[in-house]
Amino acid sequence: MATVKKQKEREPREEPLVAEERAFYKKRARLLQRYQGQFVALYQGRVVGHGPNDEELARQMFEKFGDAPFFIQRVEKEPTVYEVPSPEVVR
């Protein structure tokens, strides 16, 4: 009698940006010690760039990785919250 091997069910893959964000928060304590106040870029769970300007950092990452998903976040103790007023309709 032949035996049939069952294939392991694969767990669904996490969205790339979600995985990068998770890596950022996992490394947050170490990032605060080294990069506080700067922006860091993560790619495949590793810090691949940092600097004071997020737009310049993004430009560098696009040059380096092309269209691959990378994550940029400012390293700060308390996250900055931006309030954006919603447009009002005037009648």
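Residues numbered from 1 in each chain as written. Predicted model: local features only at pLDDT ≥ 70, side-chain atom pairs only at ≥ 80, totals over all residues. Heavy atoms only, no water.

Caption draft 1: Spotlight on helix α3 (residues 54-65). With twelve residues, α3 ought to run about 16 Å at 1.5 Å a step, and its terminal C-alpha atoms sit 16 Å apart, in line with that. Along α3, the residues classified as buried are Leu-57, Ala-58 and Met-61. Taken end-on, α3 shows its buried residues confined to a sector of 100°, consistent with a single buried face. Pointing more than 90 degrees away from the buried face of α3 are the exposed residues Glu-55 and Glu-63. Here the buried face of α3 lies against β1 (39-43), β2 (46-51) and β3 (71-74). Residue Asn-53 occupies the N-cap position of α3, its side-chain oxygen lying 2.8 Å from the main-chain nitrogen of Glu-55. Of the residues one or two after α3, Gly-66 is the one with positive phi, at around 70°. (Helix = DSSP H or I, 4+ residues; strand = E, 2+ residues; numbered from the N terminus. Expected span 1.5 Å × (residues − 1). Buried < 20%, exposed > 50% of the residue type's maximum accessible area, 1.4 Å probe, protein only. Arc of directions from axis to C-beta. Contact = heavy atoms within 4.5 Å. Polar contact = N/O pair within 3.5 Å; in protein donor to acceptor, adjacent residues only side chain to side chain.)

Caption draft 2: Looking closely at the nonpolar core. Ala-23, Phe-24, Leu-31, Leu-32, Tyr-35, Val-40, Leu-42, Phe-71 and Val-75 form the largest nonpolar core, which has nine residues in total. Sorting the residues of this core by element identifies α1 (16-26), α2 (28-35) and β1 as the ones contributing at least two each. Among the elements that line this core, the one with the most residues is α2, at three residues. Aside from chain neighbours lying at most four places away, what touches Leu-31 is Phe-24, Gln-36, Val-40, Val-47 and Val-75. Listed in part, the eight residues of the second largest apolar core include Ala-41, Leu-57, Met-61 and Phe-70. (Core = buried A, V, L, I, M, F, W, Y, C linked by side-chain atoms within 4.5 Å.)

Caption draft 3: Quick look at the packing of aromatic side chains. Applying the stated criterion across every chain, the model contains four aromatic pairs. Pairing Phe-62 with Phe-70 gives two aromatic rings, centres 5.0 Å apart and planes at 75°, and the pair type is edge-to-face. Given the relative accessible area of 45%, Phe-62 is considered partly exposed. Overall, the relative accessible area of 12% leaves Phe-70 in the buried class. Through successive ring pairs, a cluster of aromatic residues spans Phe-24, Tyr-25 and Phe-71. (Phe/Tyr/Trp six-rings, centres within 6.5 Å; stacked < 30°, edge-to-face > 60°.)

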